[in-house]
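The residues making up each chain are set out below.
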Amino acid sequence: SMDTMMVADRQGEISTMSKEMQEAIATIRVFITGTAGKWDWDDFLSVPAVDPSVKWVQGYCLQLRRDFPPENNIGYCSETGMNRLRDLFTILERQC
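A. Representation of the packing of aromatic side chains in the model. Within the structure shown, the criterion is met by five aromatic pairs. For the pair W41 and Y76, a centre-to-centre distance of 5.5 Å together with 80 degrees between the ring planes defines the contact as edge-to-face. One end of the pair, W41, is in helix α2 (residues 40-46); the other, Y76, is in the loop between α3 (52-67) and α4 (79-94), and 35 residues separate them in sequence. Here W41 matches Y76 in class, with each residue buried.

Encoded structure:
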């Protein structure tokens, strides 16, 4: 069974969010703030997820690099791609 945690949303409704999704959100947070460890982002993208929602997030993040490649091969993706990642983070964090 998937490890889940009970989470109260803004309306006080109880919902479940997998620990894996919580960890994915935390990894995106440290990545976009520039505080991730050297291999955190690579590990997040390369370790196959169990939670289907996390699999989708991983795929989205991988596609960002293809759709918005970094300028001069510096960074993970372009600033437009990073803005998309920040938008995704905002949406995911609201679900916590």
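B. Just the side chain of D51, in detail. Note that D51 resides in the loop between α2 and α3. In this structure D51 is buried but unpaired, with K55 as the nearest side chain of opposite charge at 8.7 Å. Within polar-contact distance, the side chain of D51 engages the backbone nitrogen of S53 at 2.7 Å.

C. Region of the structure containing α4. Over its 16 residues, α4 runs 23 Å from end to end, which matches the ideal 22 Å to within 8%, given 1.5 Å per residue. Turning to α4, its buried residues number three or more, namely G81, M82, L85, L88, F89 and L92. The buried residues of α4 occupy an angular sector of 115 degrees when projected down its axis, which confines them to one face.

D. Quick look at unusual backbone geometry. Despite not being glycine, N72 has its phi angle at roughly 55 degrees, a positive value. Relative to the elements of secondary structure, N72 occurs in the loop between α3 and α4. Phi at N73 takes a positive value of approximately 55 degrees, unusual for a residue other than glycine. Here N73 is to be found in the loop between α3 and α4.

E. Main features of the side chain of S18. In this fold, S18 is placed in strand β2 (residues 14-18). Note on S18: relative accessible area 5%, which makes it buried.

F. Just the nonpolar core, in detail. Ranked by size, the top nonpolar core spans 23 residues in total, and within it M21, I28, W41, F44, V57, C61 and L85 carry the most contacts. For this core, the elements supplying multiple residues, two or more each, are α1 (19-32), α2, α3 and α4. It is α1 that provides the largest number of residues to this core, a total of six residues. Not counting residues within four places of it along the chain, the set of residues in contact with W41 comprises T27, I28, F31, C61, Y76 and L85.

Calculation criteria
Residues numbered from 1 in each chain as written. Predicted model: local features only at pLDDT ≥ 70, side-chain atom pairs only at ≥ 80, totals over all residues. Heavy atoms only, no water. Phe/Tyr/Trp six-rings, centres within 6.5 Å; stacked < 30°, edge-to-face > 60°. Helix = DSSP H or I, 4+ residues; strand = E, 2+ residues; numbered from the N terminus. Buried < 20%, exposed > 50% of the residue type's maximum accessible area, 1.4 Å probe, protein only. Lys, Arg positive; Asp, Glu negative; His and termini not counted. Salt bridge = Lys/Arg side-chain N within 4 Å of Asp/Glu carboxyl O. Polar contact = N/O pair within 3.5 Å; in protein donor to acceptor, adjacent residues only side chain to side chain. Expected span 1.5 Å × (residues − 1). Arc of directions from axis to C-beta. Core = buried A, V, L, I, M, F, W, Y, C linked by side-chain atoms within 4.5 Å. Contact = heavy atoms within 4.5 Å.

Everything listed here is a matter of coordinates, which is why it stays silent on function.
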